[in-house]
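# What the coordinates show
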Amino acid sequence: AEPRVVVFDEFHFGKFVNGYFTGEYIFDIHPPLGKLLVYSFARLTSYSPSFDFVTLGQPYGLTNHVALRIPAAFFGTLAVPASYAASRALYLNRVAA
């Protein structure tokens, strides 16, 4: 998956995912659902928490970064039919949905 460098959300979420893997506590004011979903997908794949998220644009090298991008792609794609279904459930016509 391109680009093979750290992008915005991966920089933030990657630190939390690594913390979940290692048991390190990281304070966050936001609810953890998104980070836990990324962690779950990373756990199912060969992601290694050894990568340090130091800066944006940092090359991943041999780290499996696709595991961090799958949840965003999956749920982002799922959002389109879900919003259509919700609009139809609110009795909006097809054009408005």
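Scope of this entry: the structure provided in the associated data block. Remember, it's a predicted structure, so these values are computed and weren't measured experimentally. (Residues numbered from 1 in each chain as written. Predicted model: local features only at pLDDT ≥ 70, side-chain atom pairs only at ≥ 80, totals over all residues. Heavy atoms only, no water.)

Looking now at the nonpolar core. One finds V6, F11, V17, V38, Y39, A42, Y47, F51, F53, Y60, A67 and L68 forming the largest nonpolar core, which totals 12 residues. Only α1 (8-22), α2 (33-44) and α3 (66-89) provide two or more residues apiece to this core. Discounting chain neighbours no more than four positions away, the residues touching V38 are F13, V17, A67, L68 and P71. (Core = buried A, V, L, I, M, F, W, Y, C linked by side-chain atoms within 4.5 Å. Buried < 20%, exposed > 50% of the residue type's maximum accessible area, 1.4 Å probe, protein only. Helix = DSSP H or I, 4+ residues; strand = E, 2+ residues; numbered from the N terminus. Contact = heavy atoms within 4.5 Å.)

Take unusual backbone geometry next. A positive phi angle, close to 65°, is found at Y91, a residue other than glycine. Within the secondary structure layout, Y91 lies in the segment after α3. In this structure Y91 comes out as exposed when scored by relative accessible area, which is 77%.

Where α2 meets α3, the axes come as close as 8 Å, and the angle between the chain directions of the two elements is 125°. In terms of their interaxial angle, α2 and α3 are classed as oblique. For α2 against α3, the interelement crossing comes out right-handed. When α2 is examined against α3, the residues L37, V38, F41 and A42 are found in contact with a partner set consisting of A67, L68, I70, P71 and F75. (Axes fitted to C-alpha atoms, helices over the stretch in contact; angles between N-to-C directions. Parallel < 35°, antiparallel > 145°, perpendicular 65-115°, else oblique. Left-handed = near helix turned anticlockwise from the far one by under 90°.)

In this model, α2 (12 residues) spans 17 Å end to end at C-alpha, consistent with the 16 Å of a helix rising 1.5 Å per residue. The set of residues buried in α2 consists of K35, V38, Y39 and A42. Summarising the axial view, the buried residues of α2 lie within an arc of 100°, below the 170-degree limit, and thus occupy one face. Every exposed residue of α2 that faces more than 90 degrees away from the buried side is listed here: L33 and L44. (Expected span 1.5 Å × (residues − 1). Arc of directions from axis to C-beta.)

What follows concerns the pattern of salt bridges. Between side chains of opposite charge, pairing is possible as soon as their charged atoms come close. Across all of its chains, the model carries 2 salt bridges by this definition. In this structure, E10 engages R69 in a salt bridge whose closest nitrogen and oxygen atoms are separated by 2.3 Å. One end of the pair, E10, is in helix α1; the other, R69, is in helix α3, and 59 residues separate them in sequence. Accessibility assignment for this pair places E10 and R69 in one class, buried. (Salt bridge = Lys/Arg side-chain N within 4 Å of Asp/Glu carboxyl O.)

This part covers a nonpolar patch on the surface. Judged by side-chain polarity, V66, I70, F74, F75 and L78 come together as a nonpolar surface patch covering roughly 390 Å² of accessible area. Within the fold, V66 resides in helix α3. (Patch = residues over 30% accessible without salt bridge, like charges linked within 9 Å, V, L, I, M, F, W, Y side chains within 5 Å. Areas by Shrake-Rupley, 256 points an atom, 1.4 Å probe, with all protein chains shown as cover.)

Throughout the structure, instances matching the rule amount to 8 aromatic pairs. Ring centres of F21 and Y39 lie 5.0 Å apart, and the angle between their planes is 75°; on these two criteria the pair is classed as edge-to-face. Taken together, the residues span a long stretch of sequence, with F21 in helix α1 and Y39 in helix α2 at a distance of 18 residues. Residues F21 and Y47 carry aromatic rings whose centres are separated by 5.8 Å and whose planes lie at 45° to one another, so their mutual orientation is tilted. Here F21, found in helix α1, pairs with Y47, found in the loop between α2 and α3; they are 26 residues apart in sequence, far enough to count as distant. An aromatic cluster is present here, built from Y20, F21, Y39 and Y47 joined pairwise through their rings. Positioned above the aromatic ring of F13 is the side chain of K35, whose terminal nitrogen or guanidinium carbon lies 5.1 Å from the ring centre. Here K35 stacks its cationic end above the ring of F16, 5.2 Å away from the centre of that ring. (Phe/Tyr/Trp six-rings, centres within 6.5 Å; stacked < 30°, edge-to-face > 60°. Lys NZ or Arg CZ within 6 Å of the ring centre and 35° of its normal.)

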